[in-house]
Amino acid sequence: MKIYTRTGDQGETGLYGAERVIKAHPRVEAYGTVDEANSALGLARSLLPPTHPDLHDLLERLQNALFDLGADLATRMGSPYEKNIARMDPEDVEALERAIDRYMEESPPFTGFILPGGHPAAAALHLARTVVRRAERAVVALSREEPVNPEAVRYLNRLSDLLFVLARVVNHREGVREEAWLVKRRR
Amino acid sequence: MKIYTRTGDQGETGLYGAERVIKAHPRVEAYGTVDEANSALGLARSLLPPTHPDLHDLLERLQNALFDLGADLATRMGSPYEKNIARMDPEDVEALERAIDRYMEESPPFTGFILPGGHPAAAALHLARTVVRRAERAVVALSREEPVNPEAVRYLNRLSDLLFVLARVVNHREGVREEAWLVKRRR
Amino acid sequence: MKIYTRTGDQGETGLYGAERVIKAHPRVEAYGTVDEANSALGLARSLLPPTHPDLHDLLERLQNALFDLGADLATRMGSPYEKNIARMDPEDVEALERAIDRYMEESPPFTGFILPGGHPAAAALHLARTVVRRAERAVVALSREEPVNPEAVRYLNRLSDLLFVLARVVNHREGVREEAWLVKRRR
Ligand code: B12
Ligand code: B12
Ligand code: B12
Ligand SMILES: C[C@H]1O[C@@H](n2cnc3c(N)ncnc32)[C@H](O)[C@@H]1O
Ligand SMILES: C[C@H]1O[C@@H](n2cnc3c(N)ncnc32)[C@H](O)[C@@H]1O
Ligand SMILES: C[C@H]1O[C@@H](n2cnc3c(N)ncnc32)[C@H](O)[C@@H]1O
Ligand SMILES: [Mg+2]
Ligand SMILES: [Mg+2]
Ligand SMILES: [Mg+2]
């Protein structure tokens, strides 16, 4: 089977199931941005030294979950195809919260905004964090037009917090000094 | 000549030719996103080892073509400036399809979604793939407001498929193992 | 204090001060995109060799200033919280123009579009450049809905020009050859 089907050449595409929508539909924007967030995570992972096996494991699980989320978003609420997918649920969100709690313990206390960057993997985690937040905004925008699984928003929200914490953990472990925002009027 | 002209300080800017539009115009969004896709491609190339001269050549040609596409999008259909540019045409799209066919042969067969990542260059190709898809959505959004060269959409669509294939080729050549999505209900 | 507050789970969030808006509000889009631009800058810095101390210093100052800009955008014009922040001002823009002038002198003359890429840090600077331009469009979009500090647009505009120049300086210093766009009809 060819990867290019030419079926999208008129600017329309398919959701999961047969239904067709314009490529600029907020639903396509939402899962397309989740795909971008997943790719940004992949970049972070590709730059993370193998000396952090726990983080590699965790990032792989997060990438997997973003495909679950992609399938969730690609399937309209109430679609007959719903039975083939497993939507995001409170347990997925709680797993993120447990990971946040665990890695917060490992990272130095913070008291303000941190300049995103440091080790290349940490920098890429910050970038992924901001793309996840863009995905969150896209899902919220979609939810104004059509019903959306509320766990999708919560998942993305917690994920961006986790990525913030992981970026700090990477810098801490790698011995890279963090710089805090120095508010303009105090510089 | 200074690079900063201060002419855009009121939030307007120029298309190719003298015409002025707001910077938030969907046309500026479209070629601005193509510029971002081009930069993501540049990041991928910067991370690609020199041991892949064919891929360097191809990526350079793709970057060049994205400027042709940028000029296409920056020039309204029917503008007097049209005579100075060469719009995207079916031959450009076919060249992409030939490249897809060629590199598909080199990459292992696939049977499902692949976690974006692997070698840093492959990871960056995935990221570029998703930015190209965002550009495709932006061009489709523009086409709802104003006439757009239909080859522009087709070009971006095929380009994202090609980048998917190239990411897989890089991982294959570099001996990086691919991980497939393990659907939640089956994990 | 926990980093996750769960207060945003219904799709709303807080500006600086107590006011709440939907996460898809153009104001949140604007400062969220500035956060993404800041992270892209962080990636560039993480890839920049330590042999460019002047550029590290400059990029750190730019990252700091993007938080000043974030606070500016997060605080509505006329908000009682305005007294706690320092908005972007003409001097911030002039500082950018001085940096552009200084680094233009160090970079080879240019005569056309340049394929974004080269050294990984230069490639990432190009990517940051295009995200800054996306942020500029987001701020202009916001300014159609609500009053915005006009220096915010000017700051982002000049910043993208500076990043273009810095990408070229990095390639020049690192001895990486630049490739210019070869217009299609001339290839
Ligand atoms: C939604 C969707 C997406 C979304 C979200 C998916 C998610 N879950 O996160 C996103 C944007 C990520 C996406 C991306 C891509 N997609 Co897609 N996607 C779909 C769609 C509409 C539904 C997929 C889904 O999630 N189903 C829900 C799950 C539970 O159902 P499933 O049947 O078990 O899903 C399996 C297959 O659908 C899929 N699969 C089976 N064969 C193949 C072959 C390929 C090449 C791929 C990528 C996937 C794939 O793997 C899943 C897990 O086993 C399908 C078309 C359709 N209507 O089914 C296309 C489809 C699978 N996608 C396709 C393509 C080409 C891609 C991209 C390569 C496009 C690109 N250029 O970037 C990428 C690949 C990304 C990757 N990393 O692998 C093609 C595959 C064509 C082919 N067989 O060769 C399809 C069939 C659409 C089409 N007709 O063109 N996609
Ligand atoms: C559309 C456009 C873009 C689009 C799309 C362009 C594309 N083809 O993909 C995008 C968003 C990519 C873009 C980016 C930039 N652009 Co521009 N762009 C234009 C515009 C409106 C038309 C260009 C075009 O495609 N023409 C079609 C071709 C066929 O016509 P051409 O005359 O043969 O094109 C040549 C020149 O326009 C251009 N060129 C000539 N001198 C210079 C000098 C510089 C510094 C640059 C970047 C280009 C440039 O090179 C082309 C190839 O030979 C022009 C202004 C205008 N109205 O002409 C500005 C213009 C060329 N851009 C300008 C600038 C500053 C930039 C950026 C540096 C902005 C930034 N901070 O990111 C980047 C550079 C990107 C890069 N990698 O080099 C300035 C250059 C000022 C100067 N002479 O110093 C111009 C003149 C606008 C202006 N008045 O401020 N741009
Ligand atoms: C606008 C805003 C943002 C914007 C823009 C900020 C900017 N200036 O560029 C952006 C999008 C960048 C942002 C990002 C984040 N933010 Co924020 N942000 C805010 C908000 C609404 C105003 C902040 C501000 O600029 N104030 C103006 C300055 C002048 O006032 P200030 O009091 O002196 O600001 C200081 C503190 O607000 C802040 N601060 C104090 N304690 C802490 C603790 C943490 C963890 C953080 C990140 C900041 C922080 O540091 C500033 C400098 O000293 C506050 C909530 C509020 N209403 O105050 C949340 C808030 C500070 N953010 C928060 C969080 C969690 C984050 C993120 C981690 C989210 C994420 N997952 O990405 C990131 C961190 C980014 C980073 N690199 O450090 C939380 C912190 C919770 C906590 N105490 O643990 C807050 C309190 C919101 C909330 N209730 O959830 N944010
Ligand atoms: C930390 C601050 O970031 C803002 N905020 C909350 N959610 C998002 C999002 N998805 N994207 C950008 N900004 C967001 C709010 O103002 C919050 O208080
Ligand atoms: C692989 C799947 O991706 C979706 N799709 C098609 N075009 C785009 C795009 N530009 N951006 C995001 N998603 C897209 C469709 O649902 C297609 O079936
Ligand atoms: C160099 C060219 O880029 C376009 N331009 C100006 N501002 C932006 C922006 N924020 N994003 C994308 N494109 C922009 C104009 O067409 C300008 O002439
Ligand atoms: Mg397709
Ligand atoms: Mg300008
Ligand atoms: Mg939160």
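Residues numbered from 1 in each chain as written. Chains lettered and ligands numbered in written order. Predicted model: local features only at pLDDT ≥ 70, side-chain atom pairs only at ≥ 80, totals over all residues. Heavy atoms only, no water.

You'll find chain A entered in an unreviewed UniProt entry as Corrinoid adenosyltransferase, with Thermus filiformis given as the organism. The record held by UniProt for chain A lists under Pathway (unreviewed entry) the comment "Cofactor biosynthesis; adenosylcobalamin biosynthesis; adenosylcobalamin from cob(II)yrinate a,c-diamide: step 2/7." UniProt lists a comment for chain A under the heading Sequence similarities (unreviewed entry), and it reads "Belongs to the Cob(I)alamin adenosyltransferase family." (UniProt positions renumbered as here; feature names shortened; annotations may be inferred.)

Turning to the side chain of histidine 25 of chain A, a few remarks are in order. Residues and elements named next belong to chain A. Note that histidine 25 resides in the loop between β2 (20-22) and α1 (26-47). Looking at histidine 25, its side chain comes within polar contact range of the main-chain nitrogen of arginine 27, at 2.9 Å. Among the polar contacts made by the side chain of histidine 25, one reaches the side chain of glutamate 146 at a distance of 3.2 Å. When residues no more than four places from it in sequence are discounted, the contact partners of histidine 25 are Arg76, Leu142 and Glu146. (Helix = DSSP H or I, 4+ residues; strand = E, 2+ residues; numbered from the N terminus. Polar contact = N/O pair within 3.5 Å; in protein donor to acceptor, adjacent residues only side chain to side chain. Contact = heavy atoms within 4.5 Å.)

Listed per partner, the contact involves 39 residues of chain C and 41 residues of chain A. Buried area between chain C and chain A, summed over both chains or domains, comes out near 3300 Å², and the portion from carbon and sulfur atoms is 56%. Contact with chain A buries surface across chain C, with Ile3, Tyr4 and Phe67 of chain C losing the most and accounting together for 20% of the total. The tally of links between chain C and chain A comes to 11 salt bridges. A salt bridge links arginine 45 of chain C to glutamate 179 of chain A; the nearest nitrogen and oxygen atoms lie 3.1 Å apart. Counting the contacts that link chain C with chain A gives 17 residue pairs in polar contact (both at pLDDT 80 or more). For the side of chain C that touches chain A, the secondary structure elements donating two or more residues are α1 (26-47) and α2 (53-74) of chain C. Broken down by class, the residue content of the side of chain C that touches chain A amounts to 14 nonpolar, 10 polar and 15 charged. (Buried area = accessible area lost by both parts, 1.4 Å probe. Salt bridge = Lys/Arg side-chain N within 4 Å of Asp/Glu carboxyl O. Nonpolar A, V, L, I, M, F, W, Y, C, P; charged D, E, K, R; others polar.)

Once turned by 120° and shifted 0.0 Å along the axis, chain C lies on chain A with an RMSD of 0.0 Å. In symmetry terms, the pair is related by a three-fold rotation axis. (Least-squares fit on C-alpha atoms with pLDDT ≥ 70 in both.)

Before going further, it helps to spend a moment on the confidence of the model for chain A. Residue and element names in this part refer to chain A. In the predicted model, chain A carries a mean pLDDT of 96, and 98% of its residues have values of at least 70. The secondary structure element of chain A with the lowest average pLDDT is strand β1 (residues 12-14), at 96, and the one with the highest is α1, at 99. Here the predicted complex carries an ipTM of 0.98, next to a pTM of 0.98. (pLDDT = per-residue confidence, 0-100.)

The next thing to look at is the packing of aromatic side chains. Residue and element names in this part refer to chain C. Counted under the stated rule, the structure contains 15 aromatic pairs over all chains. Seen in terms of ring centroids, phenylalanine 113 and tryptophan 181 are 5.9 Å apart; in terms of plane orientation they differ by 50°. Their pairing is tilted. A residue pair is termed long-range when its members are at least 10 positions apart, and phenylalanine 113 in the loop between α3 (90-106) and α4 (120-143) and tryptophan 181 in the segment after α5 (150-173) qualify at 68 residues. For phenylalanine 113, a relative accessible area of 52% gives the class exposed. (Phe/Tyr/Trp six-rings, centres within 6.5 Å; stacked < 30°, edge-to-face > 60°. Buried < 20%, exposed > 50% of the residue type's maximum accessible area, 1.4 Å probe, protein only.)

Right, let's get into the pattern of salt bridges. A pair can form between side chains of opposite charge whenever their charged atoms are brought close. Enumeration over the complete set of coordinates arrives at 78 salt bridges over all chains. Salt-bridge contacts for arginine 158 of chain A lead to glutamate 97 of chain A; the nearest nitrogen and oxygen are separated by 2.8 Å. Taken together, the residues span a long stretch of sequence, with arginine 158 of chain A in helix α5 (residues 150-174) and glutamate 97 of chain A in helix α3 (residues 90-106) at a distance of 61 residues. Residue classification places arginine 158 of chain A among the buried residues on the basis of a relative accessible area of 0%. Here glutamate 97 of chain A falls in the buried class, since its relative accessible area comes to 6%. Two residues, arginine 173 of chain B and glutamate 106 of chain B, come together in a salt bridge whose shortest N-O distance is 2.6 Å. One end of the pair, arginine 173 of chain B, is in helix α5 (residues 150-174); the other, glutamate 106 of chain B, is in helix α3 (residues 90-106), and 67 residues separate them in sequence. For glutamate 106 of chain B, a relative accessible area of 29% puts it in the partly exposed group. Where salt bridges share partners, they join Arg6 and Asp9 of chain A together with Glu97, Glu151, Arg154 and Arg158 of chain B into one cluster.

Glancing now at the site of ligand 5. Neighbouring ligand 5 are the residues Thr13, Gly14, Lys23, Val28, Tyr31 and Gly32 of chain A together with Arg133, Glu136 and Arg137 of chain B. In this structure, ligand 5 is bordered by residues of chains A and B. Here glycine 14 of chain A contributes a backbone N or O atom positioned 2.5 Å from an oxygen atom of ligand 5. Here a nitrogen atom of ligand 5 and a side-chain polar atom of glutamate 136 of chain B are 2.6 Å apart. Residues belonging to the shell around ligand 5 are distributed by class as follows: two nonpolar, three polar and four charged. (Near = heavy atom within 4 Å.)

Of the residues lining the interface, 39 residues belong to chain A; the matching set on chain B comes to 42 residues. For the chain A face of the interface with chain B, the top three residues by lost area are Ile3, Tyr4 and Phe67 of chain A, together amounting to 20%. Seen at the junction of chain A and chain B, the total is 11 salt bridges. Among the ionic pairs, arginine 137 of chain B bridges to glutamate 29 of chain A, the shortest N-O distance being 3.1 Å. The interface formed by chain A and chain B contains 17 residue pairs in polar contact (both at pLDDT 80 or more). Elements with a contribution of two residues or more to the side of chain A that touches chain B: α1 and α2 (53-74) of chain A. Sort the elements by how many residues they give to the side of chain A that touches chain B and α1 of chain A lands first, with 14 residues.

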